[in-house]
Each structure stands twice: as structure tokens, then as C-alpha cells.
Amino acid sequence: MAVRLRMQRRGAKKRPFYRIVAADRRFPRDGRFIEMLGTYDPIHEPPVLRMNRERVEYWLSVGALPSETVQTLIDRLQAGEGIDLSAEGADQAAEEERKASRAKAIADRRAATAKAHAEAAKEAEAEAKKAEEAKKAEEEAKKAEAEAKKAEEEAKAAEEAEEEADEAEASADEAEEAEEAEASEGAEEADEAEEAEEAEEAEEAEEAEEAEEAGDDEAADEEE
């Protein structure tokens, strides 16, 4: 049986968590394994490596071949960067890592929920502000409409007043023309009366003259 030391992916989406296992190379990558040798959490800051050094050395001694990634992690463990689980046990460490990862995921979800609630509150506040601005704009539009209506009524009243003034002016013109016509008619009648009087006086004068001439003729006849 050919044994490989490789990594199995666990954890939530976009939050990977890896097991370091000894598995038959014929098994699927994330399927069955012979023994779990440690864990690796790349999400943690800094990343956390836990590995059972004794069991890793055992499997290497019996011919197991590590993957490139696992070999890199073994080198880091030998350099003192990781946690050696030889005395602690890989299963217990893995369980602790799973609990820590689960707790961190819950905390992240709660933080995301709080952030979503804050964003929703901010959006609600923005919507309320928009509604208030829209209400204010509507009130201003109503006010402008009322002012326009009032201006229209005032313009109509001014137009009616102007029409009344025009009518009054026309009536005054007609009265003046009538008065002028009446005065002209009176003047004509006075002229006619004066002419009649002059004609009558001329006629009387002519009659008097004729009478005087007749008297003179009569006196002349008597003298003869």
C-alpha cells in the first residue's frame, strides 16, 4: 500500500481549514484516511500549524511520501514555527482547532449581521431623509402653485379693471361728443333765430321806408 502524507480541506466556504493526514494514495483527496497527523489554519493571523512530529517521522520512515505542501509544513515544524502534538495528540488538537474555527465563524457571522443591520439602518435613515426632502419639495410646489393661482387671479382682476376703465373712457367720449353735438345744434338754432330777426328787422325797415315814401308822395299831391 502506497501511503501519502497530504492535506484534506475542511471549513466553510472561503474559510478553509486543513487536516494533515496519512492516506492511501488511491483514496480521494478529501475522503478516507489512515491517520490524522495534524491541522493547518491559514485564516488565523498568523496561520496556525499543529502536527504530531513523532507520527510524521514514523510514516516517513516506512516510506510514506509527503506532498509538496505537507513537506513545506514539515520543514516549518522542524524549524520551530509550528506546534508539535507528539505529547498532546493530533485528534484532540484537531477538535480544538475545529471548535476555535467554529467559534470564529460564528463571531464573523455575528459581525456580518451587525454590519448588515447597521447598513440597513443607514439606508432607512437615508430613505427617511429623502422622504422628508420630497415632502418639503411637495409643500414648496403647493406653495408655488398657490402663489401662481393668486397671481393669475390678480392679473384677471387687473384685466377686468382695465376693461372697465376702457368702457368708462368710451362712455365719457360718447357724452362729450353728445354734448358737443348739442352745443353745435344750439349754436345753429341761435344763428337761425338771429338771421330770422335780422330779416324781420330788414322787412320792417323796408316797410317803414315804403310807408315814408308813400307819405311823401301824398304830401306832394296835396301841395299841388
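All of these numbers come straight from a predicted model, not from anything done at the bench.

Undergrad: Give me the lowdown on the overall build of the protein chain, citing residues and values where you can.
TA: When you go through the protein chain residue by residue, the secondary structure sums to 3 helices and 6 strands. The buried share among the 224 residues of the protein chain stands at 18%. Counting only contacts in the protein chain whose residues sit at least 6 apart along the sequence, the fraction spanning at least 24 positions is 46%. Here the protein chain has roughly 16,700 Å² of accessible surface; of this, 48% comes from carbon and sulfur atoms.

Undergrad: Can you lay out helix H2 (residues 68–78) for me, pointing to particular residues and giving the numbers?
TA: For H2, the complete set of buried residues consists of Val 70, Leu 73, Ile 74 and Leu 77. Each buried residue of H2 sits inside an arc of 105° when the element is viewed along its axis, so together they form one side. Backbone geometry just after H2 places Gly 80 at a positive phi near 90°.

Undergrad: Break down the pattern of salt bridges for me, citing the residues and quoting the values.
TA: Under the definition given, this model contains 5 salt bridges. Across the salt bridge formed by Asp 24 and Arg 26, the nearest N and O atoms sit 2.7 Å from each other. By relative accessible area, Asp 24 is classed as buried at 2%. Glu 57 is the partner of Arg 53 in a salt bridge, and the nearest nitrogen-oxygen pair spans 3.4 Å. Of this pair, Arg 53 and Glu 57 both sit in helix H1 (residues 53–61), 4 residues apart, which is roughly one turn of the helix.

Undergrad: Describe the pairing of strand S4 (residues 48–51), and please don't skip the residues or the numbers.
TA: Along a regular strand, successive side chains alternate from one face of the sheet to the other. Across the two faces of S4 the burial is the same, with Val 48 and Arg 50 and Leu 49 and Met 51 all buried. As judged from the 4 bridges shared by strand S3 (residues 35–41) and S4, these two strands associate in the antiparallel manner. Paired with Tyr 40 across the two strands is Leu 49, which belongs to S4. Here S3 hands over to S4 after 6 residues, the two strands then running antiparallel side by side.

Undergrad: I'd like to hear about the nonpolar core, residue by residue, with values.
TA: Leu 5, Ile 20, Leu 37, Leu 49, Met 51, Trp 59 and Leu 73 are the most contacted members of the largest nonpolar core, which has 16 residues in total. Element by element, the count of residues in this core is highest for H2, at 4 residues. The residues contacting Trp 59, other than those within four sequence positions of it, are Val 3, Leu 5, Ala 22, Ile 34, Glu 35, Leu 37 and Ala 64.

Undergrad: So, the sheet that holds strand S5 (residues 65–66): which residues are in play, and what are the values?
TA: As summarised here, the arrangement of the 6 strands in space is S5-S1-S2-S3-S4-S6, forming an open sheet in which the pairing is mixed. Edge strands, defined here as strands with exactly one partner in the open sheet, are S5 and strand S6 (83–84). Here 5 bridges tie strand S2 (residues 15–24) to S3, and the two strands are oriented antiparallel to one another. Along S3, the bridge assignment pairs Val 21 with Met 36. Contacting strand S1 (3–12), S2, S3, S4, S5 and S6, H2 runs over the sheet at an angle of about 90° to S4.

Undergrad: So what's going on with the pairing of S1? Which residues, and what values?
TA: Pairing analysis gives 10 bridges linking S1 to S2, with the strands arranged antiparallel. Looking across to S2, one finds that Ala 12 is bridged to Arg 15. Connecting S1 to the next strand, S2, in antiparallel fashion are 2 residues, including Lys 14 with a positive phi near 65°. Bridge count between S1 and S5: 2 bridges; the pairing is parallel. Paired with Arg 4 across the bridge in S5 is Leu 65.

Undergrad: Just give me the short version of unusual backbone geometry, but keep the residues and values in it.
TA: A cis geometry characterises the amide bond from Glu 45 onward to Pro 46, with omega recorded as 0°. Here Pro 46 shows up in the loop between S3 and S4.

Undergrad: Outline the packing of aromatic side chains, supporting the account with residue identities and numerical values.
TA: What the rule picks out here adds up to 1 aromatic pair. With 5.3 Å between their ring centres and 70° between their planes, Tyr 58 and Trp 59 make a pair best called edge-to-face. On the basis of relative accessibility, which here comes to 36%, the residue Tyr 58 falls in the partly exposed class. Between Arg 32 and the ring centre of Phe 27, over which it is positioned, the NZ or CZ distance is 4.2 Å.

What counts, and at which threshold
- Residues numbered from 1 in each chain as written.
- Predicted model: local features only at pLDDT ≥ 70, side-chain atom pairs only at ≥ 80, totals over all residues.
- Heavy atoms only, no water.
- Helix = DSSP H or I, 4+ residues; strand = E, 2+ residues; numbered from the N terminus.
- Buried < 20%, exposed > 50% of the residue type's maximum accessible area, 1.4 Å probe, protein only.
- Contact = heavy atoms within 4.5 Å.
- Areas by Shrake-Rupley, 256 points an atom, 1.4 Å probe, with all protein chains shown as cover.
- Arc of directions from axis to C-beta.
- Salt bridge = Lys/Arg side-chain N within 4 Å of Asp/Glu carboxyl O.
- Pairing = 2+ DSSP bridges.
- Core = buried A, V, L, I, M, F, W, Y, C linked by side-chain atoms within 4.5 Å.
- Axes fitted to C-alpha atoms, helices over the stretch in contact; angles between N-to-C directions.
- Phe/Tyr/Trp six-rings, centres within 6.5 Å; stacked < 30°, edge-to-face > 60°.
- Lys NZ or Arg CZ within 6 Å of the ring centre and 35° of its normal.

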